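The lines below spell out each chain.
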Amino acid sequence: MSDADLTQSPAHFSLWREVQDTSTRTRLGGIYYLLAWLLCWQFSAEPAQQLVVGLGGSAFFGLLLAARLLHLPPEAGNELELKLWLDRHWGVILLSSLGWGLAHAWVLMAPSFQPSSLIATLATIAFSTAMTFNFAMRRRRAALAILLLYVPGLVTLGLDPEGSRAELITLVFYLSYLLLALNRSHREYGAMLELELQLLEQRQRLDTLSRTDGLTQLGNRYQFNNLFPAMCASSQRHGSELSLLLVDIDFFERINDEHGHSMGDACLRAFGERMREVFRRDSDALLRLGGEEFGVLMPDTGMEQARQLAEQFREDLANRGFQLGDQHLPITASLGLGCFDERDGGSAEAFFKRVDDALYRAKALGRDRLELAVD
């Protein structure tokens, strides 16, 4: 997914970034749930006697690990697909949290697992801390996961008359700290997202400015140099038609000399607007190539259709001219038009030269005319 695609919608960007972060941060967690359970089992009083429980817990956390690793995010999904992936992946995360919370409670209750109680408690603290700082993008879900990790063990300690009250109180205090820290982590993640989005939008604006003519707001020569070869290659690859129209304002120097450069700039802006009126399709690329020379790239457009549009533009220009303030400015243009075909040998340069030669023929034959690059 490109940066331009991302910045079209701030909500879409935030969702896409959340999916990427969730996918990256969730992988290690699955491994450590399994390792923590294996440690609890192996350091229990009689591991061999707890084979069914040990293998059952290992299989459970092993399956959850596989689910995390195999549930890959969509590469370029829409918002619905991204939300669906997040919901499903959070289902795995919450199930892991519940599973470990119950495992912690089991270790605290089962006499044979008593030697592993410290391991289970430390793992619970570690998992809940990781949840607080790694998954704060969804505050409510992260809080639920922390409670699922914590509450079963706390209930067990609270109900056990022989349980350690000091341990219970310490865990409750640490739980309150985690929930407060979760709010702070959530705000910091939101601020990071906002900053990243601003940077992407700024880069997109700079990229747009670098490809846009500041006077007419049409594409500039830099954009043409990047777009034209790519469109020629696409036309050749898919066997589609591509027409190129080159336009030169007739005697533009006279406008500057007789009316001043401010009138010349106004004329160029009006010329760009008139081009937008005629060449209105979204697929058409309108460009100012430099000075008073303009171009139109028309994909999926044959010679006859392009010729009709070009003639319509030339006649409208000659008939109406421009009304610039209280002054009417008559104006004409010379045009060269060609369609990319086998005569160009797949070369964008050869195609451009054919159309440029047609433009110069139009100027040499008296201007205010359209010449076709058919030779």
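It should be noted that the structure appears before, not after, this text.
Participant: Is there a simple way to think about a positive patch on the surface in this case?
Facilitator: A surface patch of positive charge is lined by Arg139, Arg140, Arg184 and Arg187. For the positive patch, the secondary structure elements donating two or more residues are helix H6 (139–159) and helix H7 (165–210). In this fold, Arg140 is placed in helix H6. Here Arg140 falls in the exposed class, since its relative accessible area comes to 76%.

Participant: Mind showing me how you'd approach the pattern of salt bridges here?
Facilitator: When their charged atoms lie close together, side chains carrying opposite charge are able to pair. In total, this model carries 21 salt bridges according to the counting rule given. The salt bridge involving Arg361 is made with Glu371; its shortest N-O contact spans 3.9 Å. Of this pair, Arg361 sits in helix H12 (residues 348–364) while Glu371 sits in strand S7 (residues 370–372), and the two are ten residues apart along the sequence. Here Arg361 falls in the partly exposed class, since its relative accessible area comes to 28%. Glu371 gets classed as buried once you look at its relative accessible area, which sits at 14%. In this structure, the salt-bridge partner of Arg369 is Glu371, at a minimum N-O distance of 3.0 Å. Classification of Arg369 by relative accessible area gives partly exposed; the value is 31%. Because the salt bridges share partners, they merge into one network encompassing Arg274, Glu277, Asp316 and Arg320.

Participant: I keep staring at the nonpolar core and nothing clicks. Help me out?
Facilitator: Nonpolar side chains in soluble globular proteins tend to be buried together. Phe61, Trp90, Trp100 and Met131 are the most contacted members of the largest nonpolar core, which totals 49 residues. Broken down by secondary-structure element, the contributors of at least two residues to this core are helix H2 (10–42), helix H3 (51–70), helix H4 (79–109), helix H5 (117–134), H6 and H7. Here the element with the most residues in this core is H4; it accounts for eleven residues. Apart from residues no more than four positions distant in its own chain, Phe61 is found in contact with Tyr33, Leu34, Trp37, Ser96, Gly99, Trp100 and Ala103. Counting residues in hydrophobic clusters, the runner-up holds 34 residues, among them Ala266, Val296, Ala306 and Leu317.

Participant: What's the story with the sheet that holds strand S1 (residues 242–249) in this structure? I'm lost.
Facilitator: Consider a sheet: its strands pair through backbone hydrogen bonds, and that pairing is either parallel or antiparallel. Strand order in this open sheet of five strands is S2-S3-S1-S6-S7, and the pairing throughout is mixed. At either end of the open sheet lies a strand with only one pairing partner, and these are strand S2 (285–290) and S7. Across this sheet, the average inter-strand angle for adjacent strands is 20°, counted without regard to direction. Pairing analysis gives five bridges linking S2 to strand S3 (residues 293–299), with the strands arranged antiparallel. Looking across to S3, one finds that Ala285 is bridged to Leu297. With respect to the sheet, helix H10 (residues 261–278) is in contact with S1, S2, S3 and strand S6 (333–339), its orientation differing from that of S3 by roughly 15°. Contacts from helix H11 (residues 303–320) reach S1, S3, S6 and S7, with the element oriented near 175° to S6.

The rules behind these values
Residues numbered from 1 in each chain as written. Predicted model: local features only at pLDDT ≥ 70, side-chain atom pairs only at ≥ 80, totals over all residues. Heavy atoms only, no water. Patch = residues over 30% accessible without salt bridge, like charges linked within 9 Å, V, L, I, M, F, W, Y side chains within 5 Å. Areas by Shrake-Rupley, 256 points an atom, 1.4 Å probe, with all protein chains shown as cover. Salt bridge = Lys/Arg side-chain N within 4 Å of Asp/Glu carboxyl O. Lys, Arg positive; Asp, Glu negative; His and termini not counted. Charge placed at Lys NZ, Arg CZ, Asp CG, Glu CD. Helix = DSSP H or I, 4+ residues; strand = E, 2+ residues; numbered from the N terminus. Buried < 20%, exposed > 50% of the residue type's maximum accessible area, 1.4 Å probe, protein only. Core = buried A, V, L, I, M, F, W, Y, C linked by side-chain atoms within 4.5 Å. Contact = heavy atoms within 4.5 Å. Pairing = 2+ DSSP bridges. Axes fitted to C-alpha atoms, helices over the stretch in contact; angles between N-to-C directions.

Don't take any of this as a statement about function, it's just geometry.
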